[in-house]
Amino acid sequence: MTDESDRGLHEQFQALRREAARGTPAFGAMLAAGAAHRAPPARTRRRVVGITVALAAILVLGTLVRRSGHRAAPVGLVTARWEAPTDFLLRAPGAELLRTVPTFTLNERLLP
């Protein structure tokens, strides 16, 4: 590229930036609008506080009732055993030999 084409490209980008800047609102106006939408009215705040207090009361009463009521027996995960319906596919013939350690004797025979 030449300096002439670089200058023309620069001027075209400047024109695009000016056109885009015409349609955007001022930054201060955007901040003021955001602050106006951020603060909820006092009535809404009271409603939120009331709902929060009611939910907290329900949770406290729920835990008190649960403690005095019937409790389920805890399940020991150590003793629980589940076997998938397809576990038989993973059992290889002679797998019991893989779980044992061979014993060697002086007569060069293997003992199970």
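A quick note: this is a predicted structure, and the numbers were derived from the prediction, not measured.

Turning our attention to the overall build of the protein chain. What the protein chain contains, in helices and strands, is four helices and two strands. The helix and strand sequence of the protein chain, counted from the amino end, reads α-α-α-α-β-β. Counting across all 112 residues of the protein chain, residues that qualify as buried make up 2%. Accessible surface, the protein chain: about 11300 Å² in total, of which carbon and sulfur atoms supply 65%.

Here we take up the pattern of salt bridges. Scanning the model with the defined rule gives two salt bridges in all. For Arg7, the salt bridge identified is with Glu4, shortest N-O distance 3.7 Å. Placement of the pair is Arg7 and Glu4 together in helix H1 (residues 3–22), with a separation of three residues, close to one helical turn. Judged by its relative accessible area of 48%, Arg7 is partly exposed.

Before going further, it helps to spend a moment on a nonpolar patch on the surface. Residues Leu9, Phe13 and Leu16 make up a contiguous nonpolar surface patch of about 280 Å² in total accessible area. Residue placement: Phe13 occurs in helix H1.

Here we take up the confidence of the model for the protein chain. Here the protein chain shows a mean pLDDT of 81. Residues at 70 or above account for 84%. The spread of mean pLDDT over the elements of the protein chain runs between strand S2 (residues 110–111), the lowest at 60, and H1, the highest at 89.

The rules behind these values
- Residues numbered from 1 in each chain as written.
- Predicted model: local features only at pLDDT ≥ 70, side-chain atom pairs only at ≥ 80, totals over all residues.
- Heavy atoms only, no water.
- Helix = DSSP H or I, 4+ residues; strand = E, 2+ residues; numbered from the N terminus.
- Buried < 20%, exposed > 50% of the residue type's maximum accessible area, 1.4 Å probe, protein only.
- Areas by Shrake-Rupley, 256 points an atom, 1.4 Å probe, with all protein chains shown as cover.
- Salt bridge = Lys/Arg side-chain N within 4 Å of Asp/Glu carboxyl O.
- Patch = residues over 30% accessible without salt bridge, like charges linked within 9 Å, V, L, I, M, F, W, Y side chains within 5 Å.
- pLDDT = per-residue confidence, 0-100.

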